Structures are given as C-alpha cells and as structure tokens.
Protein chains: 2
Amino acid sequence: MKRSERLVAMTHYVLDRPRELISLPFLSENYKAAKSSISEDLGIVNKIFQQEGIGYLETVSGAAGGVKYIPAFSTSYSEQFVLELCRRLEDPERLLPGGYLFMSDLLGEPDTIRNIGRLLASAFADREIDAVMTVATKGIPLAYAVASYLNVPVVIVRRDPKVTEGSTVSINYVSGSTRKIQTMVLTKRSLREGSKVCIIDDFMKAGGTINGMKSLLKEFNAEVAGIGVLAEAEDEEEDRVIDDHVSLVQIMNVDDRKSKIEVHPGNFLKQTE
Amino acid sequence: MKRSERLVAMTHYVLDRPRELISLPFLSENYKAAKSSISEDLGIVNKIFQQEGIGYLETVSGAAGGVKYIPAFSTSYSEQFVLELCRRLEDPERLLPGGYLFMSDLLGEPDTIRNIGRLLASAFADREIDAVMTVATKGIPLAYAVASYLNVPVVIVRRDPKVTEGSTVSINYVSGSTRKIQTMVLTKRSLREGSKVCIIDDFMKAGGTINGMKSLLKEFNAEVAGIGVLAEAEDEEEDRVIDDHVSLVQIMNVDDRKSKIEVHPGNFLKQTE
C-alpha cells in the first residue's frame, strides 16, 4: 500500500475506534510498512485532526505502545455549535403547556445528536468510564452518541419492567418537578458491580430523574463518573438536587403567556474556557 | 495543504456525510487544490474504501457534480458479522420466560449497533428515504444507527403520549403475539406529510407492532420505503402480517424446557448473494 492509500485506511481505522489503544506493531503489520513510516503517518493524521478540530491522537509509549484517538471539538467550533443550538431552541413555537420545550426535531437529527455526543464526551474525556446510563425514552439517542465517542456500552433504565428483559432491580424516587413518587427499573445483568458510570439525559429541571439514577447506581454498587445533559431549566419552586453536571444549554425566563423564552449557553462552555 | 494531509481531511469529511452530494468545486475551494488533484484524491479514497469493505464513492457528473459516499459492507464482512451475531445469540443463557431472548447487552454495544445500522442501511441504499421510524424503546439505538448511515432524521413512536411533545396522532392496533389491543402515538409535528419512511425495529414476531407503524404512516399520508429488523422469530400460532422486510438473523426452534435455541442468518444475506 502506498502512503497516500495507507493514510485513507488509517484515518478510517482510528476514527472508528475512539479511546482504544491501537498498537504501532499492529499497524505496521496490518499495513505492511515500517514502524518509522507508520509513525510519520500518525503524525500527519494527528496534525490534520487538530487542524480540523475533531480531536487528537494521544501517544502511549513503551513496548506495547501506540496511539489512542481522543475525540474533541475545538473551542471555536464548540462555541459556534452551542450558540446555534441556543438560537434554534429560542423559537417561541417550541413552547408547550407547562413551560416545556419541544425538542424532538433536534433530537431526531443524527448529525446534531452526534455533535452533542461528541461535545459531552469531550467533557468527560479524562475520566475513567465503563458505561453510559440514561432513562427511556428521549435520552437514549444522546446516550448512544456519547457512548460511541467514549467507546463504552449503554445501559438503559426503564420506567416499567418488560418481559423481554429478565429479572430487574427497581427503586422509587421523587420526581423533582411534579413531586410524584415514580419507579425506575434496571435489568440485573445489564450493569456489572463497581462500574464507573456516566449519566446522560436530554433535559434536567429539578434533577429528580438524575437523582433516581444515582440511587439506582448505588444498588449496583456502581459509581457516578459524570453527569451530562443537553438542556437544563430553572425550577423556581424546587431546589435543585444535582449540581455537579455538565449542560450544553440553559433555558431561562420561560413566559408561557407572552410566548417568550431565553436560551443561553450552559456551563459546558465555561468549563472549556 | 499537501496531498497526504488533504487525504486525511477529506477521508474524515466524506465519512461524516454519507449519501450527501459533496461538490468538486467545493472541495477544490476548501482544500485549495486544483479540481484535477481533488479528482485523483477521490479516486484513492474510493479505491481504499472498497478495499476496506466500508462502501464506495458514487460519482455524480455535470456542472453541479461531485461525489456521494455510500456506506456498505463487503459480502465477506457482512457474512462474518451476521454469523458472529448468530453465535452470540444462540447462548441458552439468553432464554427468557415465554420464548423471549435477552439481547440488551448486544443492543448496548455502540460498535455492534453501528455495524447493524450499516448493514441495514446498505439494504436500503438504492431507495429514496426521508426518515427512519421506530417505536420506543429498544428499537431506538438501531434506528439512529441506520439513520446516521442514510443521513436522514429519526421519528420515534411512543406507547404513551408525553406532555413534552405537543399534540399527537394516535392509533390502536392488535399486537400479533399477545393479541391485545394496544395504542401508538406520534407527535404531529415530527413527520411531514408524504414522507418516505424506513421502519426499523429490534425484534419481529407476528409483525403486529410493525403493522401498527404502517397504519400510523397512513394517517400522515406517508409511505413505507422499507422495513428492517435485527431479529425475526417464528410465531406458530399466528400468521405473520408482514412479509416484505429485511432481517439480519432468524430465531428458530426455541425450546424453553430443554434450554435450546437456534439462530440462523436472516434474509439479508440471501438478498445480497
């Protein structure tokens, strides 16, 4: 294979395997090239990934060394993407009764979901994470997008047990916004004890649902490794029970009667500054 | 930008935009290179994509011409992947009461989901498709995976309406396996009239749920452009109401008492032969 061809093949190979250690001897063997040539190739890939703002190659040295592709977004692209999200969400047509916001169209766009996933994953890039957890239904696509960039499995919590799932563990929790008692279930064999879990959801108001997932994790002796949400909203009547989260946007001053909302960047942009 | 650098950047660019027309003048402008050089580059990308079995570049000629990346899997890779799925699903530990099969672990693996999505998308690569539809909950990750390769939005049908969704259209349908009357709802603004829709689900027995989605599409004056499922199972008591689907695997001879199941390749492999 010529260098030009090898670069195309290797670019696809590393993009497909985020955070996975790809060893130099393997690449050398696979593409039938000297390790020194492969090293040069990886230098080019790394340079262009950084120029294009899609992440970088981390070098792992030693005998079993190689590279890991760490997905990320450049600060300027992150800002541009978050501001565009804010602009789209501020449309008063999205207001629903009760101060909720229609977001299903955005959450239905694979490239928007992928970019949100890449952003949230980059917020947790330096943490050890074994799985991503979310609760059905709307958080699911986001959770998969984050998981695909972290290269870990997804665990889905349900509101109701299903026959096709086997035995489950269930907990009751208090929903922050409606203050009702609700139930959450997770299939026993879907999460290993002691796992480090990143919780992802589309929307957070008082944080009751996320708090429920935290309680569920305790039942599995698992640990919270991070919490990420697309949008957070103020809840005037209830104190928030979650404060260690990352949010992309923040919904403020929802006025049902005047059909007005404000959407600002969440704490994600502040953290990367 | 040197050719070597351009190849890395362009490989990422086209991989990120399946089925989208990428014009030659745009690439030439963006990477500051003559159209003839860009054409040569695209030739290399196309050759390697085919060699690696991940699809090909379709050339669109004319003044507004360019290329489209069509994701696909080589036949040998498809076979290998489907046989591996069969082998993993045949584990008797997966048997649940009622002849159901535990699949949540597989459905939780982002790379497995991505490969299933790529396979199913390749089955519909030559059709005009505006959206992918599925029903909550377990079909959702598959639907997103297929949609990301078809580069179209996802529409999620629910079993229960939700306050954060706005006005909905609902239908009643008869579940094939349990013969109960069930309800399905879809938010009005989530699907445009006249859309061509690809239906995706994880599991099909008698086909009642998929038939329900077909009825729902009629309410939106939308068309079924294709039906794809990960697994189909025999239903001895009920005749199947769906027969124009693509399946990756087929579950047969489930024997609860003897803890035995057989999993064979579905009709997908036969179609690509």
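In what follows, the structure referred to is the one given above.
What you see is a predicted model; the values in this text were computed from it and never measured.

(A) Fine view of the pattern of salt bridges. Within this structure, the stated rule accounts for 17 salt bridges over all chains. The salt bridge partner of B:Arg3 is B:Glu40, with a shortest N-O separation of 3.2 Å. You can see B:Arg3 sitting in helix α1 (residues 3-15) and its partner B:Glu40 sitting in helix α3 (residues 35-52), a full 37 residues away along the chain. B:Arg3 is the salt-bridge partner of B:Asp41, the closest N and O atoms lying 2.6 Å from each other. Here B:Asp41, found in helix α3, pairs with B:Arg3, found in helix α1; they are 38 residues apart in sequence, far enough to count as distant. For B:Asp41, a relative accessible area of 0% corresponds to the buried category. Among the residues examined, B:Arg3 registers a relative accessible area of 29% and is labelled partly exposed. A single salt-bridge network, built from bridges that share partners, covers A:Arg3, A:Arg6, A:Glu40 and A:Asp41.

(B) Up close: empty space enclosed by the protein. The full count for this structure, using the stated rule, is three cavities of 30 Å³ or more. Space inside the largest cavity adds up to approximately 690 Å³. Around the largest cavity, the lining comprises 29 residues; the ones closest to its centre are A:Arg114, A:Ser148, B:Arg114, B:Ser148 and B:Tyr149. Looking at the lining of the largest cavity, the elements with two or more residues in it are α1 (3-15), α6 (110-123) and α7 (140-150) of chain A together with α1, β3 (66-71), α6 (110-123) and α7 (140-150) of chain B.

(C) Region of interest: the sheet that holds strand β3 (residues 66-71) of chain A. Residues and elements named next belong to chain A. Overall, antiparallel pairing links the three strands, which are arranged β1-β3-β2 in an open sheet. At either margin of the open sheet sits one strand with a lone partner, and together these are β1 (22-23) and β2 (55-60). Both β2 and β3 contribute to a ladder of six bridges, which runs antiparallel. Along β3, the bridge assignment pairs leucine 57 with tyrosine 69.

(D) Structural detail: the sheet that holds strand β10 (residues 196-204) of chain A. Residue and element names in this part refer to chain A. Read from one edge to the other, the open sheet built from six strands follows the order β7-β6-β10-β11-β12-β13, with strand pairing classed as mixed. Only two strands of the sheet have a single partner each, and these edge strands are β7 (154-157) and β13 (260-265). This sheet shows a mean twist of 25 degrees between the axes of neighbouring strands, independent of strand direction. Those strands touched by helix α4 (residues 75-89) are β11 (223-233), β12 (246-255) and β13, and its axis lies near 170 degrees from that of β13. Relative to β12, α6 is tilted by about 115 degrees, and along the sheet it contacts β10, β11 and β12.

(E) The arrangement of the relation of the copies chain B and chain A in detail. Here chain B sits on chain A after a turn of 180 degrees about the axis and a move of 0.0 Å along it, with an RMSD of 0.0 Å. On the angle and the small slide along the axis, the relation comes out as a two-fold axis. Here 100% of the interface residues in chain B have copies in chain A that are interface residues too; the copies meet face to matching face.

(F) Region of interest: α1(B). Residue and element names in this part refer to chain B. Here α1 is 13 residues long and its end C-alpha atoms lie 18 Å apart, about the 18 Å a rise of 1.5 Å per residue gives. α1 sits mainly inside the fold: 12 of its 13 residues count as buried. Buried within α1 are the following residues: Ser4, Glu5, Arg6, Leu7, Val8, Ala9, Met10, Thr11, His12, Tyr13, Val14 and Leu15.

Reading the values: rules and limits
- Residues numbered from 1 in each chain as written.
- Chains lettered and ligands numbered in written order.
- Predicted model: local features only at pLDDT ≥ 70, side-chain atom pairs only at ≥ 80, totals over all residues.
- Heavy atoms only, no water.
- Salt bridge = Lys/Arg side-chain N within 4 Å of Asp/Glu carboxyl O.
- Helix = DSSP H or I, 4+ residues; strand = E, 2+ residues; numbered from the N terminus.
- Buried < 20%, exposed > 50% of the residue type's maximum accessible area, 1.4 Å probe, protein only.
- 1 Å grid on protein atoms, 1.4 Å probe; cavity = no way out; pocket = protein on both sides within 12 Å on 5 of 7 lines; lining within 4 Å.
- Points joined across faces, edges and corners; volume = space filled by probe spheres on them.
- Pairing = 2+ DSSP bridges.
- Axes fitted to C-alpha atoms, helices over the stretch in contact; angles between N-to-C directions.
- Contact = heavy atoms within 4.5 Å.
- Least-squares fit on C-alpha atoms with pLDDT ≥ 70 in both.
- Expected span 1.5 Å × (residues − 1).

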